[in-house]
Amino acid sequence: MVFQAKPLDDKLQYVSDSIRMVPDFPKKGILFQDITTLTRDPKALKLCVEAFVERYRGQKIDVVAGIEARGFIFGPPLAMALGVGFVPLRKPGKLPGETIGAEYQLEYGSDRIEMTVESITKGQNVVIIDDLIATGGTLGAAVQLVEKVGAKVHEAACVVELPELQGRAKLKATNVPLFVLLEKAA
Ligand SMILES: O=P(O)(O)OC[C@H]1O[C@H](OP(=O)(O)OP(=O)(O)O)[C@H](O)[C@@H]1O
Ligand SMILES: Nc1ncnc2[nH]cnc12
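Residues numbered from 1 in each chain as written. Chains lettered and ligands numbered in written order. Predicted model: local features only at pLDDT ≥ 70, side-chain atom pairs only at ≥ 80, totals over all residues. Heavy atoms only, no water.

**Some points on helix H4 (residues 71-82)**
Line of reasoning, step 1. The terminal C-alpha atoms of H4 lie 16 Å apart, and with 12 residues this matches the ideal 16 Å at 1.5 Å per residue to within 8%.
Line of reasoning, step 2. Along H4, the residues that are buried comprise Gly-71, Phe-74, Gly-75, Leu-78 and Ala-79. Each buried residue of H4 sits inside an arc of 130 degrees when the element is viewed along its axis, so together they form one side.
Line of reasoning, step 3. Those residues of H4 that are buried are in contact with helix H2 (36-39), helix H3 (42-56), strand E3 (63-67), strand E4 (85-89), strand E7 (125-133) and strand E8 (152-161). (Helix = DSSP H or I, 4+ residues; strand = E, 2+ residues; numbered from the N terminus. Expected span 1.5 Å × (residues − 1). Buried < 20%, exposed > 50% of the residue type's maximum accessible area, 1.4 Å probe, protein only. Arc of directions from axis to C-beta. Contact = heavy atoms within 4.5 Å.)

Here it is, written out as structure tokens:
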């Protein structure tokens, strides 16, 4: 049984149904939301990207920043549709040149993300995108990086929110709005 706080329209229901839930992955007790079943379904992928495009078209967005790895799937098609560039926020040691980084805790471990300093400039209006918000640690770190170079985070966007893990409350501390397509059970 999938928990869903808000009733979904037919399109989002289709997207929701396309996500496979995998119990005990990658660790016992984690109900993993597998978006690869969404991305391999052309209709679900199109509906999902279109929902983001509809949200941000006409919003004067300068940059879409996506979080490694699954933000790299949804970010580039959104950036292309908006006619802006895509900036990757990456796991440690992957980006050349001068970088800044932020550490964060996950539902199943800890990690760090990095950003090329010159990739986003002061005053730019940025949408940060990822597949999922759980504890909000990853998005919180991404917000820190974008704000550190003097840019504004217009909104953080995800396909799935796991409300029980309170990521929304963590992000609220940054004053960055959160937009999600689906709320699902953790
Ligand atoms: O809200 P949080 O508790 O921070 O968790 C959400 C993050 O966890 C997952 O990535 P993961 O770190 O598993 O990396 P991957 O995308 O490289 O598999 C997911 O894609 C988000 O980026
Ligand atoms: N339950 C979950 N499913 C997929 N990705 C995740 N990232 C953190 N928690 C997750």
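**What to know about the confidence of the model for the protein chain**
Line of reasoning, step 1. Here the protein chain shows a mean pLDDT of 95. Residues at 70 or above account for 96%.
Line of reasoning, step 2. This complex was scored by the predictor with a pTM of 0.96 and an ipTM of 0.98. (pLDDT = per-residue confidence, 0-100.)

**Looking at the pattern of salt bridges**
Line of reasoning, step 1. Counting across every chain of the model gives 9 salt bridges.
Line of reasoning, step 2. One salt bridge in this structure joins Arg-20 and Asp-34, with 2.7 Å as the shortest N-O distance. With a gap of 14 residues between them, Arg-20 in strand E1 (residues 20-23) and Asp-34 in strand E2 (residues 31-34) connect regions that are remote in the sequence.
Line of reasoning, step 3. For Asp-34, a relative accessible area of 7% gives the class buried.
Line of reasoning, step 4. The partner of Glu-50 in a salt bridge is Lys-46, with the nearest N and O atoms 3.0 Å apart. With Glu-50 and Lys-46 both in helix H3, this residue pair falls 4 residues apart, about one helical turn.
Line of reasoning, step 5. Several salt bridges converge on common partners, so that one network encompasses Glu-103, Arg-112 and Glu-114. (Salt bridge = Lys/Arg side-chain N within 4 Å of Asp/Glu carboxyl O.)

**So, unusual backbone geometry**
If a residue is not glycine, its phi is most likely negative; likewise, a peptide bond is most likely trans.
Line of reasoning, step 1. The residue after Phe-25, namely Pro-26, is reached through a cis peptide bond having omega -5 degrees.
Line of reasoning, step 2. Here Pro-26 is to be found in the loop between E1 and E2.
Line of reasoning, step 3. Note that the residue after Glu-68, namely Ala-69, is joined by a cis bond; omega there is 0 degrees.
Line of reasoning, step 4. In this fold, Ala-69 is placed in the loop between E3 and H4.
Line of reasoning, step 5. A positive phi angle, close to 55 degrees, is found at Lys-60, a residue other than glycine.
Line of reasoning, step 6. Note that Lys-60 resides in the loop between H3 and E3.
Line of reasoning, step 7. Its identity as a non-glycine residue notwithstanding, Asn-175 has a phi of 65 degrees, on the positive side.
Line of reasoning, step 8. Here Asn-175 is to be found in the loop between helix H6 (167-172) and strand E9 (178-183).

**As for the site of ligand 1**
Line of reasoning, step 1. Residues in close proximity to ligand 1 total 16 residues, the closest being Asp-130, Asp-131, Ala-134, Thr-135 and Thr-138.
Line of reasoning, step 2. In the model, an oxygen atom of ligand 1 is placed 2.5 Å from a nitrogen or oxygen of the Asp-131 side chain.
Line of reasoning, step 3. In the model, an oxygen atom of ligand 1 is placed 2.8 Å from a nitrogen or oxygen of the Gly-136 main chain.
Line of reasoning, step 4. Out of a free accessible area of 500 Å², ligand 1 has 87% covered by protein chains.
Line of reasoning, step 5. Of all the elements in the fold, those that place two or more residues in the shell around ligand 1 are E7 and helix H5 (137-148).
Line of reasoning, step 6. Ranked by the residues each element gives to the shell around ligand 1, the list is headed by E7, at 4 residues.
Line of reasoning, step 7. Class assignment for the residues of the shell around ligand 1 results in 6 nonpolar, 4 polar and 6 charged. (Near = heavy atom within 4 Å. Polar contact = N/O pair within 3.5 Å; in protein donor to acceptor, adjacent residues only side chain to side chain. Areas by Shrake-Rupley, 256 points an atom, 1.4 Å probe, with all protein chains shown as cover. Nonpolar A, V, L, I, M, F, W, Y, C, P; charged D, E, K, R; others polar.)

**Some remarks on the side chain of Gln-33**
Line of reasoning, step 1. As for its placement among the helices and strands, Gln-33 is situated in strand E2.
Line of reasoning, step 2. Reaching out from Gln-33, the side chain makes a polar contact with the backbone oxygen of Ala-185 at a distance of 3.0 Å.
Line of reasoning, step 3. Once you skip the residues sitting within four places of it in the chain, Gln-33 turns out to touch Ile-19, Arg-20, Met-21, Arg-70, Leu-132, Val-160, Leu-162, Lys-184 and Ala-185.

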